[in-house]
Amino acid sequence: MSRNSSSGYDRLITVFSPEGRLYQIEYAFKAVKAAGITTVGVRGVDSVCLVTQKKVAQGHSQDKLLDPSSVTHMYKITDTIGCVQTGHQADARAQVQRVRNEAGNFRYKYGYDMPPEVLAKRVADMNQVYTQHAGMRPYGVNMILCGMDEEKGPQLYMCDPAGHFLGYKATAAGTKDLEAHNMLEKKLKSGPQLSYDETVQMAIQVLQSTLSADFKATDIEVGVAGGDKEHLGRFRQLDEAEIERHLVAISERD
């Protein structure tokens with residue numbers, strides 16, 4: 001490598017630079033941003049919402065024969081937990097499959113669903129292992145995970161390629177995560193108690209404002225947990241009609 005500071009130190013994941021940095025980890029974070037997707041998560045009083053872009057043609061050379069329903073960044077892990085994977089989608093699918101196996105094994109062993117916090121910690125533990133073995137590389141994805149906890153209510157966590165995991169009131173990941181974070185901080189500064197509709201609409205509105213775009217229902221994916229007695233706290237993706245209803249409400253309010 002031509003860079004003086006990282007020459008030789010970015011060839012193996014297990015080697016620290018003299019400054020105490022692991023360059024391959026930093027490159028994994030750059031891979032998340034390079035995907036060109038921005039994701040927003042917001043937690044309300046009785047619900048939690050994830051919103052991400054849906055770029056159907058990205059990475060497929062504008063293939064007009066592509067089935068849009070086969071393109072997704074949002075995954076259901078258990079009945080009550082879902083996630084959005086921002087970054088390399090091949091890595092995302094592999095990680096989600098392993099996490100589903102972990103959640104299934106927990107259910108089989110203990111007789112109840114894995115709580116969101118326990119699952120987030122398990123994901124972080126697996127990611128951290130990938131930072132200390134020379135024969136591996138970190139996953140190039142950032143997982144924002146949400147779900148309903150029987151004791152704590154709606155939960156929102158983010159797990160990064162380095163193996164960190166933290167709980168959030170609201171968070172963002174991807175290309176314009178800093179702009180989205182700044183906007184979320186302003187909106188949540190007064191500590192509002194968000195209802196289900198307010199939670200979903202805030203997440204969509206922040207993503208719209210961050211990207212300076214007016215979305216159609218087909219441009220985004222929206223996943224929610226809680227807030228609806230009909231679904232009893234289960235994680236589900238909103239269909240286009242439901243997304244359109246929220247988009248109309250946002251435009252009328254503005």
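Being a predicted model, the structure only gives us computed values, none of them experimental.

Engineer: What is the right way to read the nonpolar core from this model?
Structural biologist: Generally speaking, nonpolar side chains in soluble globular proteins are found buried as a group. If you look at the biggest cluster of nonpolar residues, it comprises 26 residues, and the most contacted ones within it are Val 40, Val 42, Val 51, Val 200, Ile 204, Ile 220 and Val 222. Going through the elements one at a time, strand E1 (38-43), strand E2 (47-53), strand E8 (170-174), helix H4 (177-187), helix H5 (196-211), strand E9 (220-226) and helix H6 (240-253) are the ones with two or more residues in this core. Per element, the largest residue contribution to this core is seven residues, and it comes from H5. Excluding residues that lie within four positions of it along the chain, Val 200 makes contacts with Cys 49, Val 222, Val 224, Leu 238 and His 246. Counting residues in hydrophobic clusters, the runner-up holds 21 residues, among them Ile 77, Cys 83, Val 141 and Cys 159.

Engineer: Which parts of the structure should I look at to understand the state of the cysteines?
Structural biologist: Put plainly, a disulfide is one covalent bond tying together the sulfur atoms of two cysteines. With the rule as written, the count across this model stands at zero disulfides. Of all cysteine sulfurs in the structure, the one in Cys 49 sits closest to Cys 146, which takes part in no disulfide; the separation is 7.9 Å. With a relative accessible area of 0%, Cys 146 lands in the buried category. For Cys 159, which is in no disulfide, the shortest distance to another cysteine sulfur is to Cys 83 and amounts to 9.1 Å.

Parameters at a glance
- Residues numbered from 1 in each chain as written.
- Predicted model: local features only at pLDDT ≥ 70, side-chain atom pairs only at ≥ 80, totals over all residues.
- Heavy atoms only, no water.
- Core = buried A, V, L, I, M, F, W, Y, C linked by side-chain atoms within 4.5 Å.
- Buried < 20%, exposed > 50% of the residue type's maximum accessible area, 1.4 Å probe, protein only.
- Helix = DSSP H or I, 4+ residues; strand = E, 2+ residues; numbered from the N terminus.
- Contact = heavy atoms within 4.5 Å.
- Disulfide = S-S within 2.5 Å.

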